[in-house]
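Now for the letters of each chain:
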Amino acid sequence: MKYFVISLCTGTCMFDFKCSKISDAYDAVREASADFGISVDLCGVMDALVHMDEGRVISYKRENLIITAREGKVQRWEGQE
């Protein structure tokens, strides 16, 4: 099983998120980029997520955004329910 790790960073804010579904990863990037006022190529994000799910690439890196595909189950951070 694969999961996705999304990190979005601005000079003042940082967003980290883990999920196991492409749709959740896409929505997290879309919502966080809108909240932080960061321009993100959402078509490029979706293409990268599909390629990661197929095992063709393991990461997608842009100026303020990093998405990584990892094997295993999503490990919740301390404090998450």
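Up top is the structure.
Residues numbered from 1 in each chain as written. Predicted model: local features only at pLDDT ≥ 70, side-chain atom pairs only at ≥ 80, totals over all residues. Heavy atoms only, no water.

Q: Could you give an account of the overall build of the protein chain, with specific residues and numbers?
A: The number of helices and strands found in the protein chain is two helices and four strands. Walking the protein chain from its N terminus toward its C terminus, one meets helices and strands in the order β-β-α-α-β-β. In terms of overall dimensions, the protein chain has a C-alpha envelope of 30 × 30 × 15 Å along the principal axes. Classification of the 81 residues of the protein chain by burial places 30% in the buried group. If you take every contact in the protein chain between residues at least 6 apart in sequence, the share linking residues at least 24 apart comes to 49%. With the model as given, the accessible surface of the protein chain reaches about 5,300 Å², and the carbon-plus-sulfur share is 48%. The averaged location of the 13 negative side-chain charges in the protein chain is 6 Å from the averaged location of its 10 positive side-chain charges. (Helix = DSSP H or I, 4+ residues; strand = E, 2+ residues; numbered from the N terminus. Buried < 20%, exposed > 50% of the residue type's maximum accessible area, 1.4 Å probe, protein only. Contact = heavy atoms within 4.5 Å. Areas by Shrake-Rupley, 256 points an atom, 1.4 Å probe, with all protein chains shown as cover. Lys, Arg positive; Asp, Glu negative; His and termini not counted. Charge placed at Lys NZ, Arg CZ, Asp CG, Glu CD.)

Q: Tell me about the pairing of strand S2 (residues 14-19), and please be specific about residues and values.
A: Both strand S1 (residues 2-9) and S2 contribute to a ladder of six bridges, which runs antiparallel. Each residue of the ladder has a partner; that of serine 7, found in S2, is aspartate 16. What sits between the antiparallel neighbours S1 and S2 is a turn of four residues. (Pairing = 2+ DSSP bridges.)

Q: Account for the packing of helix H1 (residues 22-36) against helix H2 (residues 42-53), naming residues and giving values.
A: With their axes 10 Å apart at the nearest point, H1 and H2 run at an angle of 150° to one another. Between H1 and H2, the angle falls in the class roughly antiparallel. You can see that H1 and H2 cross each other, and the crossing is right-handed. The segment H1 lies against H2, with Ile22, Ala25, Tyr26, Val29 and Arg30 engaging Leu42, Val45, Met46, Leu49, Val50 and Asp53. (Axes fitted to C-alpha atoms, helices over the stretch in contact; angles between N-to-C directions. Parallel < 35°, antiparallel > 145°, perpendicular 65-115°, else oblique. Left-handed = near helix turned anticlockwise from the far one by under 90°.)

Q: Mind laying out the pairing of strand S3 (residues 59-62), listing which residues take part and the relevant values?
A: Relative to strand S4 (residues 65-71), S3 is paired through four bridges, and the arrangement is antiparallel. By the bridge assignment for S4, lysine 61 is matched with isoleucine 66. The hairpin formed by S3 and S4 contains two residues between the paired strands.

Q: Describe in detail the state of the cysteines, supporting the description with residues and values.
A: Applying the stated rule across the entire model yields zero disulfides. Cysteine cysteine 13 shares no disulfide, and the gap to the nearest cysteine sulfur, in cysteine 9, comes to 8.5 Å. Not engaged in a disulfide, the cysteine cysteine 43 finds its nearest cysteine sulfur in cysteine 19; these two sulfurs lie 19 Å apart. (Disulfide = S-S within 2.5 Å.)

Q: Please give an account of the pattern of salt bridges that cites residues and values.
A: The full count for this structure, using the stated rule, is four salt bridges. For arginine 30, the salt bridge is made with glutamate 31, and the minimal N-O distance between the two is 3.7 Å. Among the salt bridges present, the one from arginine 56 reaches glutamate 54, with a minimum N-O distance of 3.0 Å. Residue arginine 56 is classed as exposed on the basis of its relative accessible area, which comes to 57%. Beyond isolated ion pairs, a larger network of salt bridges with shared partners links Asp27, Arg30 and Glu31. (Salt bridge = Lys/Arg side-chain N within 4 Å of Asp/Glu carboxyl O.)

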